[in-house]
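Below, each chain spelled out in residue letters.
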Amino acid sequence: MRNFIIKRILLSILILFCTTFIIYAVMRCLPSSYVESMAIRLSQGQGAKPYEEWLEQLNASYGLDKDIVTGYFGWLGDFVTGNFGDSWKYTIPVVDKFADCIWVSFILGAISLVLELIIAIPLGIIAATKQYSKTDYAISAGALVGISLPTFFFATVLKLIFAVNLGWFDTHGMVGRNFAQLDDFGKLLDMAHHMVLPLVVLVLVSVGSTMRYTRTNMLEVLNADYIRTARAKGLSEGKVIYKHAFRNTLIPLVTIVGGSLPGLFSGALITETLFAINGIGYVSYQAMVVGDIPFSMFYMTFIAVLTLAGNLISDILYAVVDPRVRVA
């Protein structure tokens, strides 16, 4: 296992190098450019230099006058040494802006993931154990509805019903108007109240796929020979399902949990935008639109590292979940 982990880490470094180069090349080729917008704005001042001179000066100051390969290695050298630069759009250090909004998305993502697993796994097991019954059809139909609903449509419907018509929640924002006047516990309750609708959206649009994945794998395990042997020995149905069958169903589910690691930090762009939540998804989107290379590169490199780490964690957890899995 140690040799396997070392090989995977070395391979991940190579993949990360290729990935960041592609991301940098794409960012350099974006039609929108922060320096062009800034050059236009600076050139419009009274007695200012012409646009072409400002553009040349700004490109030189940001290293954009170099070719993509040279510029990438310049960025890579700064990144390795911990010099992540300042965000062009937000005019503060990249790390400060990132830390300011990442935890909002992380809390939303973590809570929604836990709720998704709590809801989806039991429903998937029930649907599999009652295959082709009315319960199975009802659960599967509900899952398909959740998978098919566009996030923006579902979020808009919830806002219309529960925020506009019923008035139970606010339509946007993370805090209420009287937030500053509340005590610490009141502030916590106020923020939790504003997070209800976004969490409902995130959970319901993602729980269907996890439920169907659980159901499919559970059906495969229930049809295995050792399950029939366990039943033939007189074991109770509950012990057969939850001790023998479900334990082997966990193996593919580990892939979902490991692959969910980047999602905890990547943010939910559509949901955050619709509910005016200043999370990392919405902030990074705004940075990419204007061609903010320092912030966009840091964000996407961070997500790439988490993706590679999630895949490695999934492989390691296989051996934890199932002792039969071993790496030679």
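Note that the structure is a prediction, hence the values are computed from the model and not measured. Numbers given for residues are sequential positions, taken from 1 along each chain in its written order. In view of the model being predicted, local features appear only for residues whose pLDDT reaches at least 70, and side-chain atom pairs are presented and counted only at 80 or more, with totals across whole chains, interfaces and linings using the full set of residues. Side-chain numbers come from the whole structure's heavy atoms, not from hydrogens or water.

1. Regarding a negative patch on the surface
Right, so step 1: Negative charge collects at one region of the surface, where E52, E53, E56 and D65 lie side by side.
Right, so step 2: We count a stretch as a helix when DSSP gives it H or I for four or more residues in a row; a strand needs E for two or more, and each element gets its number in order from the N terminus. Relative to the elements of secondary structure, D65 occurs in the loop between α3 (51–61) and α4 (68–80). Patch rule: a residue counts if its relative accessible area is over 30% and it has no salt bridge; like charges are joined within 9 Å, and nonpolar side chains (Val, Leu, Ile, Met, Phe, Trp, Tyr) within 5 Å. Each accessible area value is a Shrake-Rupley result obtained with a 1.4 Å probe; residue values ignore everything except the protein chains displayed when judging cover. One side-chain nitrogen of Lys or Arg within 4 Å of one carboxyl oxygen of Asp or Glu is enough to make a salt bridge. Counted as positive: Lys and Arg. Counted as negative: Asp and Glu. His and the chain ends are not counted at all. Here the site of a charge means NZ on Lys, CZ on Arg, CG on Asp, or CD on Glu.

2. Some points on α4
Right, so step 1: Helix span is expected to be 1.5 Å times the residue number reduced by one. An ideal rise of 1.5 Å per residue puts 18 Å on 13 residues; α4 measures up with 18 Å between its terminal C-alpha atoms.
Right, so step 2: Within α4, the full set of buried residues consists of G71, Y72 and W75. Projected down its long axis, α4 shows its buried positions confined to an angular sector of 100°, all on one face.
Right, so step 3: Just past α4, the residue G82 takes up positive phi, approximately 85°. The cut-offs for exposure are 20% and 50% of the maximum accessible area for each residue type, with area from a 1.4 Å probe on protein chains only; residues under the lower value are buried, those over the upper are exposed, and the others partly exposed. The directions from the helix axis to the C-beta atoms form the arc being described.

3. Details of helix α2 (residues 34–43)
Right, so step 1: Turning to α2, its buried residues number three or more, namely Y34, V35, M38 and A39. Axial view of α2: buried residues confined to an arc of 130°, hence all on one face.

4. Some thoughts on the packing of helix α6 (residues 134–148) against helix α8 (residues 184–222)
Right, so step 1: Packing of α6 against α8 leaves a shortest axis separation of 7 Å and a crossing angle of 135°. With respect to their mutual orientation, α6 and α8 come out oblique. The crossing of α6 and α8 is left-handed. Residue-level contacts link D136, I139, S140, A143, L144, G146 and I147 of α6 to L204, V205, G208, S209, M211, R212 and R215 of α8.
Right, so step 2: Polarity classes work like this: nonpolar for Ala, Val, Leu, Ile, Met, Phe, Trp, Tyr, Cys and Pro, charged for Asp, Glu, Lys and Arg, and polar for all others, with Gly in that last group. A breakdown of the residues in the contact of α6 with α8 according to their chemical character gives 7 nonpolar, 4 polar and 3 charged. Inter-axis angles, ranging from 0 to 180 degrees, are taken between N-to-C directions of lines fitted to C-alpha atoms, where helices are fitted over the stretch in contact. Here is the rule for angles: anything less than 35 degrees is roughly parallel, anything more than 145 is roughly antiparallel, 65 through 115 is roughly perpendicular, and the remaining ranges are oblique. Crossings are classed by handedness, with left-handed meaning an anticlockwise turn of the near helix from the far one by less than a right angle and right-handed meaning a clockwise turn. Two residues form a contact once any of their heavy atoms are found within 4.5 Å.

5. What about unusual backbone geometry?
Right, so step 1: The phi dihedral of T91 falls on the positive side, at around 55°, and the residue is not glycine.
Right, so step 2: For T91, a relative accessible area of 61% translates into the label exposed.

6. Comments concerning the pattern of salt bridges
Right, so step 1: Inspection of every chain in the model, using the stated rule, returns 3 salt bridges.
Right, so step 2: Among the ionic pairs, E237 bridges to R231, the shortest N-O distance being 2.7 Å.

7. Here we look at the packing of helix α5 (residues 94–129) against α6
Right, so step 1: Relative orientation of the contacting elements α5 and α6 amounts to 140°, with a least axis distance of 8 Å. Classified by the interaxial angle, the pair formed by α5 and α6 is oblique. Read as a crossing pair, α5 and α6 show a hand that is left-handed. On α6, the residues touching L123, I126 and A127 of α5 are T135, D136 and I139.
Right, so step 2: Here the contact of α5 with α6 is composed, by residue class, of 4 nonpolar, 1 polar and 1 charged.

8. Remarks on empty space enclosed by the protein
Right, so step 1: Throughout, the protein atoms alone are placed on a 1 Å grid, and a set of points is a cavity if a 1.4 Å probe fits but cannot get out or a pocket if it is open with protein on both sides within 12 Å along at least five of seven lines; lining residues have an atom within 4 Å of a point. Grid points are joined across faces, edges and corners, and a volume is the space filled by probe spheres set on the points. In total, this model carries 1 cavity of 30 Å³ or more according to the counting rule given.
Right, so step 2: There is about 50 Å³ of room inside the largest cavity.
Right, so step 3: Forming the walls of the largest cavity are F169, D170, H172, G173, H193, H194, L197, P198 and F275.
Right, so step 4: Looking at the lining of the largest cavity residue by residue, the class counts come to 4 nonpolar, 4 polar and 1 charged.

9. Section: the packing of aromatic side chains
Right, so step 1: Ring geometry is summarised as follows: Phe, Tyr and Trp rings, the Trp one being its six-membered ring, pair when their centres sit within 6.5 Å, and such pairs are stacked at plane angles under 30 degrees, edge-to-face over 60 and tilted between the two. Taken as a whole and judged by the stated rule, the model has 15 aromatic pairs.
Right, so step 2: Residues Y72 and F73 carry aromatic rings whose centres are separated by 5.4 Å and whose planes lie at 70° to one another, so their mutual orientation is edge-to-face.
Right, so step 3: Accessibility expressed as a relative area gives 0% for Y72, which makes it buried.
Right, so step 4: Between F98 and F302, the ring centres sit 5.0 Å apart and the planes meet at 75°, which makes this aromatic pair edge-to-face. Highlighted residues: F98 in helix α5 and F302 in helix α14 (residues 293–321), separated in sequence by 204 residues.
Right, so step 5: F98 sits in the buried class, given a relative accessible area of 8%.
Right, so step 6: Over the ring of Y90 we find K97; its NZ or CZ atom is 4.5 Å from the centre of that ring. Whether a charge lies above a ring is judged from NZ of Lys or CZ of Arg, which has to be within 6 Å of the ring centre and within 35 degrees of the ring normal.

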